[in-house]
Structure formats: C-alpha cells, structure tokens
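If you want the building blocks of each chain, they are given just below.
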Amino acid sequence: MSDPDLTAEELKAVEAVLRSPFLGAGPVVDEFEKAFAAYLGRRYAIAVPSGALGLALILLAQGVGPGDEVIAPSYSFRECAQAIAAIGATPVFADIDYWSGCVTAKKVEAKLTDKTKAIVVLNANGHPADWTVLRDLAAAKSLPLIEDCTESLGSRYKGELVGTFGDASFFDFSQPCPLTCGEGGMIVTDNVDLAMAVRRRRSHALEERGSVAVTSAPALQAKMSDITAALGLVQLSRLGEILEKRRETEETYAKFVQAFEGIKPPYVGPDVTELHWFVYVVHLGTRYDRKSRDSIVEDLATEQVEAAPYSAPLHLQRHYFERGWRRGDLLVTEKVADRAVALPFHCHLSAEQIEFIVATMKDSVANVGAGAAIY
C-alpha cells in the first residue's frame, strides 16, 4: 500500500543523531518544531509520538474529559475517536458530504448538545473540509475547532495550507503519510495559552527532572525522539519534491482509470486549490455494496495487489456499537465507506505496475458486478 520516499540525506541525519549525546528529545526536536511552524506560518508547533496522542493532548489542554462530548467523523481511521474515548469523553459522530467525504457544518450542528465541548473535523483523504462555514459555526457556538490533518499534508483550501484553520491542528507522520518518520506527529496552534497547556501535559522539561509534580497537570511523557525528528526535518525539506512525485503517480493512475462503468472519478471541491491524496481511493458505483467491495479486495489480493477498504465506519465498530450506534445512523458515511477501495499509492510504483493494478481491478469490478467471482 505504501513505500516511504527516503534518500541518503535521511540516513545521514539519523547517523548524526546516533553519534550525538541525544537520542531522546533534544535539540533536533526543537529544530523540527520550529521548521514545521514556519512551514505553516503558525506560531507554535509541538512534536508528539502520534496524531492520536496529539488530539488527546489538545483536548486535555482544553479541559475536555469525562461527561463531555466531542463531535467527530465516523468516516475516519480509528485513532481519532480512540483519542477522544481514551480521555473519558464521548465521541459523537457526524455524517459526511457524499462527494468530499468530510463532515459538514450542517451535520455537525445537528449533533450539538449542551455537553459538546469541541468539534474535530478531518480533511478526508487529503480533501479539505469547508473551513469557512465550519469556522463560522464554531465561533457562533463558542466551541474550539480542531483540525485533523493526519491525511492532508500539503493540501490547500482557498489558497491556504491545511493546518491553518483549526484553533489547534494536528498531523501524523506514520505510513502512508508523505512525510514519514516511522511514527510521530505534530500539534500546531497560534494560541500561546493552549500551546503552554499542551506542553505541560506532554512532558516535563529536562530541568524539571527533580520534581514529580511541577504543575497541577501530570505529564504523559509523550515526547518525540531526536532520531524521529531528524527524519522529519529532512522529509520536510524535501516535501515539495515528495508531493510532486506522488502527484505524478496520481496522474498515472488517472490515465489508466479514466471513466469506466462502476467507478467514479476522484472529486475535487470548488474551494480546493491544491489537493494531495493520502491514499488512492476508487469509489464504486451504487450498484455495488460492501460484500462486492470485499470480493474486489480479495480478487486483487489473489493477483498479489495489496488493497483495502478505505474506511470501516467507526460507529459500526464494536466499542461504539456497544454504546448504541447502529447501521443506518449515518447513511452517507455507510454508503461511501461500503464502496471505497484504497489502492497502492507511493512514488515507487511504475506505470506498468499501475496499469496492471487498474486492469486487475477493472476485471474484478466487471465480474463482481455481473455476479460472478473472478479466479
């Protein structure tokens, strides 16, 4: 599904850290934070071990906890909702727009209660949400708006980079993200009080090691290592090159996919000025269902092509099913997720490999759609 874009520069950077006195959080982490904040034009960046921990720290820093509700998408990877549940709050899932895959302000507003303490919105598979309307809603309701950028590094909405729209935004650097450190994440914000509150809960500073209770907020020791930050710094410096190579892969896919029965072309909203896909997702037509999607994934596996459903809706997973969510609660999320297949997407794919992947999928789509298995 993914293959990191690494060069000799990343190896040199890691070797330099291994030869230094710091392997854990040290000066390279500080440098990575400053470089990432500068890239986005935000005042503060705080490195963390993952995007999920980033979200948990943002919520904790804003006083969210047991008894509180947080609006979030179900059409997402599990880590977002898990971070909300892990701090004792309750994820309340909102439905999505059929085309962009992002939650909408109208559907968020329908889920608001007096227990709602924050709104989390994902830029789904790289596609920015409608941030103008979402910001207006959050301001009108005096709620913090948190931007989930784990899938959208480099994309732009109305000319502005994702990561600049939330009161706080968070990124993830695990595979298959274009900026890949193995694991890792980053929180960004312009709010000094929020940044300080996040840092207090993330880790104690080195000079505070003589105390176990420097502040009233116990730290989680959720730090990034200098080794991870060294990878991130080089990857950030090469980000334009990495994204351009991924765009070339996307264009090769588009050439072979084009339009054929049973598959919808990727959607790009009118306010999206730059879009970098997280993974290459093929959306099947409405005559297909979850069972036929799974058959297509199996057919691809038979031909040694790794593919997967793009999203298993969170509200249908066991933890949330046991808390009362049921199929039919989020009709658009379920309809889109049942028909979305993620294909291999990275810059090392050759045109011949992509042609084979698409041809194999076309054959499977035709045969599954006709009610026959492909062997």
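Our subject is the structure listed above.
Predicted model only: the values in this text are computed from it and were never measured.

## Side note on the pattern of salt bridges
Tallied over the full model, the rule gives 20 salt bridges. Close ionic contact of Glu9 with Lys12 constitutes a salt bridge, the shortest N to O distance being 3.7 Å. A residue pair is termed a helical-turn pair when its members lie 3 or 4 positions apart in one helix, as Glu9 and Lys12 do in helix α1 (residues 8-18) at 3 residues. Linking Arg318 and Glu322 is a salt bridge whose minimum nitrogen-to-oxygen distance equals 2.8 Å. With a relative accessible area of 66%, Arg318 lands in the exposed category. Through salt bridges with shared partners, a single ionic network connects Asp5, Glu10, Arg238, Glu241 and Lys245.

## Digging into the packing of helix α3 (residues 51-61) against helix α4 (residues 78-86)
Between α3 and α4, the shortest axis-to-axis distance is 8 Å and the interhelical angle comes to 35 degrees. Remark: the crossing between α3 and α4 carries right-handed chirality. Judged by residue contacts, Ala52, Leu55, Ala56 and Leu59 of α3 engage Glu79, Cys80, Ala83 and Ile84 from α4. Of the residues assigned to the contact of α3 with α4, the class counts are 7 nonpolar, no polar and 1 charged.

## A closer look at helix α8 (residues 226-237)
Helix length check: α8, at 12 residues, gives a terminal C-alpha distance of 16 Å against a target of 16 Å (1.5 Å per residue), a fit within 8%. Counting buried positions along α8 yields 10 of 12 residues, so the element is predominantly enclosed. Looking at α8, one finds that the buried residues are Asp226, Thr228, Ala229, Ala230, Leu231, Gly232, Leu233, Val234, Gln235 and Leu236. Here the buried face of α8 lies against α1, α2 (27-40) and α9 (239-257).

## Some thoughts on the side chain of Thr333
With respect to the helices and strands, Thr333 occurs in helix α12 (residues 331-337). In this structure Thr333 touches Ser74, Tyr75, Ala94, Asp95, Ile96, Pro313 and His315, once residues within four positions along its chain are discounted.

## Re unusual backbone geometry
At the junction of Gln175 and Pro176, the peptide bond is cis and its omega measures out at 10 degrees in the coordinates. Examined against the element boundaries, Pro176 turns out to sit in the loop between β8 (168-172) and β9 (185-189). A positive phi angle, near 55 degrees, is found at Gln221, a position not held by glycine. Summarising the element assignment, Gln221 is placed in the loop between α7 (192-202) and α8. Residue Gln221 is classed as partly exposed on the basis of its relative accessible area, which comes to 44%.

## What to know about the packing of aromatic side chains
By the definition in use, this model includes 16 aromatic pairs. Measuring from centroid to centroid gives 5.6 Å for Phe36 and Phe173, while their planes differ by 65 degrees, and the two rings are edge-to-face. Of this pair, Phe36 sits in helix α2 while Phe173 sits in the loop between β8 and β9, and the two are 137 residues apart along the sequence. For the residue pair Phe36 and Phe173, the accessibility class agrees, reading buried in each case. Consider the rings of Phe93 and Tyr320, whose centres lie 5.2 Å apart with planes at 85 degrees: the pair is edge-to-face. Linking Phe93 in strand β3 (residues 90-94) with Tyr320 in helix α11 (residues 318-321), this pair joins segments that are 227 residues apart in sequence. In this pair, the class of Phe93 matches that of Tyr320, namely buried. Taken together, Phe32, Phe36, Tyr39, Phe171 and Phe173 form an aromatic cluster joined through their ring pairs. Positioned above the aromatic ring of Phe321 is the side chain of Arg326, whose terminal nitrogen or guanidinium carbon lies 3.8 Å from the ring centre.

## Describing the pairing of strand β2 (residues 69-73)
Among the 5 residues of β2, 5 are classified as buried, and the element is accordingly described as predominantly covered. Of the two faces of β2, both are covered, the one formed by Glu69, Ile71 and Pro73 as well as the one formed by Val70 and Ala72. Note that β2 and β3 share 5 bridges and pair parallel. Looking at β3, one finds that Ala72 is bridged to Phe93. Of the crossover connections in this fold, the one passing from β2 over α4 to the parallel β3 is right-handed. Both β2 and strand β4 (residues 116-122) contribute to a ladder of 3 bridges, which runs parallel. Its bridge partner lying in β4, Ile71 is registered against Ile119.

## A word on the sheet that holds β9
Taking strand neighbours across the sheet as the criterion, the 7 strands line up as β1-β9-β8-β5-β4-β2-β3 in an open arrangement whose pairing is mixed. With one partner strand each, in any of the chains shown, β1 (44-48) and β3 form the two edges of the open sheet. Each neighbouring strand pair of the sheet contributes to a mean axis angle of 25 degrees, computed without reference to strand direction. Judged from the 5 bridges that link them, β8 and β9 form a sheet pairing that is antiparallel. Paired with Asp172 across the strands is Gly185, a residue of β9. α3 contacts β1, β2, β4, β5 (145-148), β8 and β9 of the sheet and is inclined by roughly 160 degrees relative to β8. Relative to β3, α4 is tilted by about 145 degrees, and along the sheet it contacts β2, β3, β4 and β5.

Rules used throughout
- Residues numbered from 1 in each chain as written.
- Predicted model: local features only at pLDDT ≥ 70, side-chain atom pairs only at ≥ 80, totals over all residues.
- Heavy atoms only, no water.
- Salt bridge = Lys/Arg side-chain N within 4 Å of Asp/Glu carboxyl O.
- Helix = DSSP H or I, 4+ residues; strand = E, 2+ residues; numbered from the N terminus.
- Buried < 20%, exposed > 50% of the residue type's maximum accessible area, 1.4 Å probe, protein only.
- Axes fitted to C-alpha atoms, helices over the stretch in contact; angles between N-to-C directions.
- Left-handed = near helix turned anticlockwise from the far one by under 90°.
- Contact = heavy atoms within 4.5 Å.
- Nonpolar A, V, L, I, M, F, W, Y, C, P; charged D, E, K, R; others polar.
- Expected span 1.5 Å × (residues − 1).
- Phe/Tyr/Trp six-rings, centres within 6.5 Å; stacked < 30°, edge-to-face > 60°.
- Lys NZ or Arg CZ within 6 Å of the ring centre and 35° of its normal.
- Pairing = 2+ DSSP bridges.
- Right-handed = clockwise from strand over helix to strand, strands pointing away.

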